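Residue strings, one per chain:
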Amino acid sequence: VLAAERTVTLAVDNMTCATCPIAVKKSLTQVSGVSKADVSMEKEAATVTFDEAKATVADLIKATTNAGYPSRQKTP
């Protein structure tokens, strides 16, 4: 079975300093199935690539929110 890899962009709140994106990236990469997370403080966004068989967008949002950075899926 092929992994259903998906990339989503999350709008991330509360990123106010240089270490914030590091914390957001760490929270996202600890989610099972996440293969890549690019976080931009300037764009207030995180672009995440993950395996849909192992994680959901809700899991990603929960991870950033639990780290203190509430997020939501950006619509294209």
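No experiment lies behind these values; they were computed from the predicted model shown.

Rules and cut-offs
Residues numbered from 1 in each chain as written. Predicted model: local features only at pLDDT ≥ 70, side-chain atom pairs only at ≥ 80, totals over all residues. Heavy atoms only, no water. Pairing = 2+ DSSP bridges. Helix = DSSP H or I, 4+ residues; strand = E, 2+ residues; numbered from the N terminus. Axes fitted to C-alpha atoms, helices over the stretch in contact; angles between N-to-C directions. Contact = heavy atoms within 4.5 Å. Core = buried A, V, L, I, M, F, W, Y, C linked by side-chain atoms within 4.5 Å. Buried < 20%, exposed > 50% of the residue type's maximum accessible area, 1.4 Å probe, protein only.

### Some thoughts on the pairing of strand 2 (residues 34-40)
Examined bridge by bridge, strand 2 and strand 3 (residues 45-51) share 6 bridges and lie antiparallel to one another. Opposite aspartate 38, over in strand 3, you have threonine 47 as the bridge partner. Hairpin geometry of strand 2 and strand 3 is characterised by an intervening segment of 4 residues between the two adjacent antiparallel strands and by a positive phi of about 50° at glutamate 44.

### Brief notes about the sheet that holds strand 2
What holds strands together in a sheet is hydrogen bonding between their backbones, with the strands either parallel or antiparallel. Read from one edge to the other, the open sheet built from 4 strands follows the order 2-3-1-4, with strand pairing classed as antiparallel. A strand with exactly one partner marks an edge of an open sheet, and here the two such strands are strand 2 and strand 4 (71-73). Across this sheet, the average inter-strand angle for adjacent strands is 25°, counted without regard to direction. Where strand 1 (residues 5-12) lies against strand 4, 3 bridges are found, and the strand directions are antiparallel. Bridge assignment links leucine 10 to a residue of strand 4, and that residue is glutamine 73. The strands touched by helix 1 (residues 20-29) are strand 1, strand 2 and strand 3; relative to strand 2, the strand with the most contacts, the crossing angle is about 165°.

### A short note on the nonpolar core
Grouped together as the largest cluster of nonpolar side chains are 18 residues, with contacts concentrated most on Val8, Leu10, Val12, Leu28, Val48, Phe50 and Leu60. Sorting the residues of this core by element identifies strand 1, helix 1, strand 2, strand 3 and helix 2 (57-66) as the ones contributing at least two each.

Everything listed here is a matter of coordinates, which is why it stays silent on function.
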